[in-house]
Amino acid sequence: MNESLRIVVLGASGATGSRLVDGALARGFDVHAIARDPAGFAHDPDPLLTVHRGDVTDADTIAAAITRESVVVSGLGVRSKREAGVLTAGALAVLHARPAAVIWLGAVGTGRSAAAVGRLTHRMLRAGFGAEYDDKTTADGLILDANFTVIHSGPLNDKEGTAFEAVPLAATRRRFFPHFVSRAGVAQLMLDEAESRRHPGEILIPRPVRSAS
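Since the structure is predicted, the reported quantities are computational estimates derived from the model, not experimental observations. (Residues numbered from 1 in each chain as written. Predicted model: local features only at pLDDT ≥ 70, side-chain atom pairs only at ≥ 80, totals over all residues. Heavy atoms only, no water.)

**A word on the sheet that holds strand β6 (residues 149-153)**
Here is the rule we go by: What makes two strands pair is DSSP finding at least two bridges between them. Secondary structure is summarised from DSSP: a helix means a run of H or I of at least four residues, a strand means a run of E of at least two, and numbering begins at the N terminus for each. In this analysis, axes come from line fits to C-alpha atoms, helices being fitted only over the stretch in contact, and the angle between any two N-to-C directions falls in the range 0 to 180 degrees. Note on contacts: a residue pair qualifies if any of its non-hydrogen atoms lie within 4.5 Å across the two residues.
If you walk across this open sheet you meet the 8 strands as β3-β2-β1-β4-β5-β6-β10-β8, and the pairing is mixed. In this open sheet, the two strands that pair with only one neighbour each are β3 (49-53) and β8 (164-168). Pairs of neighbouring strands in the sheet enclose a mean axial angle of 25°, with direction left out of account. The pairing of β6 with strand β10 (residues 203-208) spans 2 bridges and is parallel. Bridge pairing links V150 to I203 in β10. Those strands touched by helix α3 (residues 86-96) are β1 (6-10), β4 (71-74) and β5 (101-107), and its axis lies near 170° from that of β5.

**Here's the deal with the pattern of salt bridges**
For clarity, the threshold we go by: Every case where a carboxyl oxygen of Asp or Glu lies within 4 Å of a side-chain nitrogen of Lys or Arg is listed as a salt bridge. Between buried and exposed lies partly exposed: a residue is buried under 20% and exposed over 50% of the maximum accessible area for its type, with that area taken using a 1.4 Å probe on protein chains only.
Scanning all chains against the criterion turns up 8 salt bridges. Across the salt bridge formed by D134 and R126, the nearest N and O atoms sit 3.7 Å from each other. Under the relative-accessibility criterion, R126 is labelled partly exposed at 44%. In this structure, E132 engages K136 in a salt bridge whose closest nitrogen and oxygen atoms are separated by 3.6 Å.

**A closer look at the side chain of K136**
Checked against the element boundaries, K136 lands in helix α5 (residues 131-145). Excluding anything up to four places from it in sequence, K136 contacts L87, A107 and F129.

**Description of a nonpolar patch on the surface**
This is how the line gets drawn: Without a salt bridge and with relative accessible area above 30%, a residue can belong to a patch; like charges are then joined within 9 Å and nonpolar side chains (Val, Leu, Ile, Met, Phe, Trp, Tyr) within 5 Å. Method for areas: the Shrake-Rupley scheme with a 1.4 Å probe, in which residue coverage is limited to the protein chains shown.
A cluster of nonpolar side chains, namely L120, M124, F176, F177 and F180, defines an oily patch on the protein surface of about 530 Å² accessible area. By secondary structure assignment, the location of L120 is in helix α4 (residues 119-129). Overall, the relative accessible area of 40% leaves L120 in the partly exposed class.

**A short note on the pairing of β10**
As paired elements, β8 and β10 share 5 bridges and run antiparallel to each other. Within β10, the position partnered with P168 by the bridge is L204.

**Some words on the environment of R198**
Inspection of the secondary structure assignment puts R198 in the loop between α6 (183-196) and β10. Taking relative accessible area as the criterion, R198 reaches 62% and is therefore assigned exposed. Distance in space between the C-alpha atoms of R198 and A166 is 11 Å, their sequence separation being 32 residues.

**Re the nonpolar core**
Using the following cut-off: Nine residue types can take part in a nonpolar core, namely buried Ala, Val, Leu, Ile, Met, Phe, Trp, Tyr and Cys, and a core is a set of them joined through side-chain atoms within 4.5 Å.
Counting 56 residues, the largest nonpolar core has I7, L10, V21, V73 and W104 as its most contacted members. Per element, the largest residue contribution to this core is 6 residues, and it comes from α6. Residues in contact with V21, not counting those within four places in the same chain, are V9, A12, V31, A33, F41, H43 and L49.

**Topic: α5**
Applied cut-off: Expected helix span is taken as 1.5 Å per residue step, with the number of steps being one fewer than the number of residues.
In this model α5 runs 22 Å from its N-terminal to its C-terminal C-alpha over 15 residues, within 8% of the 21 Å that 1.5 Å per residue would give. Among all positions in α5, only E132, Y133, D135, K136, A139, D140, G141, I143 and L144 are buried. On the buried face of α5, the contacting elements are α3, β5, α4, β6 and β10. Backbone geometry just downstream of α5 places N147 in the positive-phi region, at approximately 70°.

Here it is in structure tokens:
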């Protein structure tokens, strides 16, 4: 456990972001949560937790929470197609602050992982995301080209109990439709990568751990 690790959680008040905060605190990290509205960030006080007001459309507010030693983990998402552009703005704001590392969350089957799913599934994803698709792929590309890590997850849910491992894109097989992944599971994988930083510049895909029996 790296208790001195300074973790900055982008999109901390969201469903995945809150699990990133909880997971980072459980590991004893120095946790800095960025929320657009800190008053709406519901979390019990913790001596390891600092909450910052930040909006990705104002890069200075994001930079204020990030030091050169920080590892940024992003649970940033959009609530409607009208918010397309938020992910790209977030990626640019984070990179402008020059953190030590970034672990970004994206969607498998989009952008550089399009070949990891069936062609029909990719077309459905592209149509379903609409303008958000290009926002996702642009943000992912910015993070990858800066030599940081992107985790491309399947659809997220709140089910518990299944263990996941993160596999480099090049080592995955195409699936017609991606695995569903729990938010707690993807948060764990992101924090594992934040600690190890074993896959700079790579896309990782969550995969259920197979039973040894």
